[in-house]
Amino acid sequence: MRKPPARASFRKLPGRPWAPLAVVVVGLIALAGCGGSGQTGSNDFIWRLLAVPHALVHSIALVPATGTIYAGADLGVYRRARGQSWRMVVKRADVWDIASSPSGRIVAAAENSGAVAISRDFGRRWRNHMLTPQGAYAVTLRPNRLGWLLVGAGGGIYLSKNGGRSWRLTARLGDSAASAFAWLPGSGSTVIAGTIGGVSGKSASPALISRDAGLSWVSFGRQLPGTGVMSLAGLSSRWVFAGTMGRAVWRRGANSTQWVRTSIGMPKDDDHGAALVVVSGRHPAVLVGTLAFGVFRSTNGGRSWLPFGAGLPKSAGATIVLSLALDPRSRSLLAGTPDGIYTIRLR
């Protein structure tokens, strides 16, 4: 998660005590607006507009098997199959997160309304499943089990074993909301969830872990700021990273019980880690998208960070990145912004 509500919905939402997330972002989006460019970086990597200009893109999902790209945005879901143009496949929906199975057969989108839009035929037809009026903010699919879905929502985490046809609540979060998921690399059973705080603006358990694919959950480590977690990512099985609300990026070792802040080279204040992605291979890297300062990259396991790339939309001092996704086929990184999807080639 990681992402704010739609541009038209930046306000405290009645009955949703975790609405401070929207309040945090409203000022940033209002300042940033759309258009203009100019994030400066420490290298010559250049971001370029790829698609859906003027759309506020909360989330991006790529299908490894087919190269199809989905974008969850403030007005719905956009889809581009390889060699084809973009088209809207889900309309009139404020989508916060979107995820696909590796084959692309099942695609799920979490909506601000509390519904989950699901396609079981490679994105051609969609059906809404209402979970809770408290809003749905994160969604993930189990890597090795087709039809096994988890949804992070206001008040808890929901699980479906049959492609969204039926659901059960597996974690009760009271007045907090589940905001992000990450599967431990190489595992189809260990998944981590991030949460956003409730009325007080703090979460009692900012990170949870399940070792049975979401059937049960326990608190995951100590020291994470109670403001909450906006994004999660795993670097092999050694490190887990958490992008937090206003407190930069934290990491936790596999054999540790504590989270440690890793913010050298990043802004000192108001550093919201809205999106995280890991680039694996001979030269692994971790990249984080922030809600005011663009994208930062670490090539040493998060010990230090540098700004990454130039050319993202910027206005009034804010360069907002709501989501990141890696396209392994083209070695490109995609970024969701308030002004569409931008892309940059990796080397």
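Thresholds applied
Residues numbered from 1 in each chain as written. Predicted model: local features only at pLDDT ≥ 70, side-chain atom pairs only at ≥ 80, totals over all residues. Heavy atoms only, no water. Helix = DSSP H or I, 4+ residues; strand = E, 2+ residues; numbered from the N terminus. Buried < 20%, exposed > 50% of the residue type's maximum accessible area, 1.4 Å probe, protein only. Contact = heavy atoms within 4.5 Å. Areas by Shrake-Rupley, 256 points an atom, 1.4 Å probe, with all protein chains shown as cover. Polar contact = N/O pair within 3.5 Å; in protein donor to acceptor, adjacent residues only side chain to side chain. Pairing = 2+ DSSP bridges. Core = buried A, V, L, I, M, F, W, Y, C linked by side-chain atoms within 4.5 Å. pLDDT = per-residue confidence, 0-100. Salt bridge = Lys/Arg side-chain N within 4 Å of Asp/Glu carboxyl O. Axes fitted to C-alpha atoms, helices over the stretch in contact; angles between N-to-C directions. Phe/Tyr/Trp six-rings, centres within 6.5 Å; stacked < 30°, edge-to-face > 60°.

## Section: the overall build of the protein
- Scanning the protein from terminus to terminus reveals one helix and 26 strands.
- Classification of the 347 residues of the protein by burial places 62% in the buried group.
- For the protein, the proportion of contacts with a sequence separation of at least 24, taken over those separated by at least 6, is 51%.
- Carbon and sulfur atoms make up 50% of the accessible area of the protein, which amounts to about 13700 Å² in all.

## Some details on the side chain of Thr-244
- Mapping Thr-244 onto the fold places it in strand 17 (residues 239-244).
- The exposure class of Thr-244 is buried, given its relative accessible area of 0%.
- From its side chain, Thr-244 meets the backbone nitrogen of Arg-247 in a polar contact 3.3 Å long.
- If near-sequence neighbours (up to four positions away) are discounted, Thr-244 is found in contact with Leu-224, Pro-225, Gly-228, Val-229, Met-230, Trp-250, Asp-271, His-272 and Gly-273.

## Side note on the sheet that holds strand 13 (residues 191-196)
- Taken in spatial order, the six strands of this open sheet run 10-11-12-13-14-15, and their pairing is antiparallel. In the strand order of this sheet, the two ends are held by strand 10 (136-141) and strand 15 (218-219), each with one partner.

## With respect to the side chain of Thr-262
- Structurally, Thr-262 is set in the loop between strand 19 (260-261) and strand 20 (273-279).
- When neighbours within four sequence positions are excluded, Thr-262 is seen to be in contact with Val-249, Trp-250, Arg-251, Gly-302 and Trp-305.

## Considerations on the nonpolar core
- Of all hydrophobic cores here, the largest spans 17 residues; its most connected members are Trp-47, Leu-287, Val-295, Phe-308, Leu-324 and Leu-333.
- When contributions to this core are tallied by element, the ones reaching two or more residues are strand 20, strand 21 (285-290), strand 25 (332-337) and strand 26 (340-345).
- With three residues, the top contributor of residues to this core is strand 20.
- Ignoring anything within four residues of it in the chain, the contact list for Leu-324 reads Trp-47, Ala-275, Val-277, Leu-287, Val-288, Gly-289, Val-295, Leu-333, Leu-334 and Ala-335.
- Within the second largest apolar cluster, 15 residues are counted, among which are Leu-150, Leu-159, Ala-178 and Ala-193.

## Things to note about the confidence of the model for the protein
- Predicted confidence across the protein gives a mean pLDDT of 86, with 86% of residues reaching 70 or more.
- Counting contacts from residues 1-15, a segment whose pLDDT is below 50, to residues more than four positions away or on other chains yields 57 contacts.

## A closer look at unusual backbone geometry
- Although it is not a glycine, Gln-223 sits at a positive phi angle of roughly 85°.
- Relative to the assigned elements, Gln-223 resides in the loop between strand 15 and strand 16 (229-235).
- You can call Gln-223 partly exposed: its relative accessible area is 48%.
- If you check the backbone angles, Arg-331 has positive phi at about 55° while not being a glycine.

## Looking at the pattern of salt bridges
- Scanning the model with the defined rule gives one salt bridge in all.
- Between Arg-125 and Asp-121 there is a salt bridge whose closest N-O contact spans 2.7 Å.
- Asp-121 gets classed as buried once you look at its relative accessible area, which sits at 13%.

## What to know about the pairing of strand 22 (residues 295-298)
- Sheet topology note: the strand 21/strand 22 ladder contains four bridges and is antiparallel. Pairing of Gly-289 across the sheet is with Val-295, part of strand 22.
- Where strand 22 lies against strand 23 (residues 306-307), two bridges are found, and the strand directions are antiparallel. Counted as the bridge partner of Arg-297 is Leu-306 from strand 23.

## Considering the sheet that holds strand 7 (residues 107-111)
- The four strands are arranged 6-7-8-9 in an open sheet whose pairing can be described as antiparallel. The open sheet has two edge strands with one neighbour each: strand 6 (95-100) and strand 9 (127-130). The average angle at which neighbouring strand axes cross in this sheet is 20°, direction not considered.
- Of the strand pairs in this sheet, strand 7 and strand 8 (residues 115-119) are connected by four bridges, and their pairing is antiparallel.

## Looking at the packing of aromatic side chains
- What the rule picks out here adds up to six aromatic pairs.
- Note on Phe-45 and Phe-308: the rings are 4.9 Å apart at their centroids and 40° apart in plane angle, and the pair reads as tilted. Of this pair, Phe-45 sits in the loop between helix 1 (20-32) and strand 1 (48-51) while Phe-308 sits in the loop between strand 23 and strand 24 (323-327); the two residues are 263 residues apart in sequence, bridging distant segments of the chain.
- A centroid spacing of 6.2 Å and a plane angle of 75° characterise the contact between Tyr-70 and Trp-126, whose relative ring orientation is edge-to-face.

## Section: the pairing of strand 6
- For strand 6, a buried count of six out of six residues is recorded, marking the element as mostly surrounded by other parts of the structure.
- In the sheet, strand 6 pairs with strand 7 via five bridges, with the strands oriented antiparallel. Paired with Ser-100 across the strands is Val-107, a residue of strand 7.
- What sits between the antiparallel neighbours strand 6 and strand 7 is a turn of six residues, in which Gly-104 has the positive phi angle 85°.

## Considering the environment of Arg-82
- Note on placement: Arg-82 falls in the loop between strand 4 (76-80) and strand 5 (87-91).
- Given a relative accessible area of 49%, Arg-82 falls into the partly exposed group.
- When the C-alpha positions of Arg-82 and Thr-66 are compared, they lie 7.1 Å apart, and in sequence the two are 16 residues distant.
- Residue contacts for Arg-82: discarding those within four places in its chain leaves Thr-66, Gly-67, Thr-68 and Arg-329.

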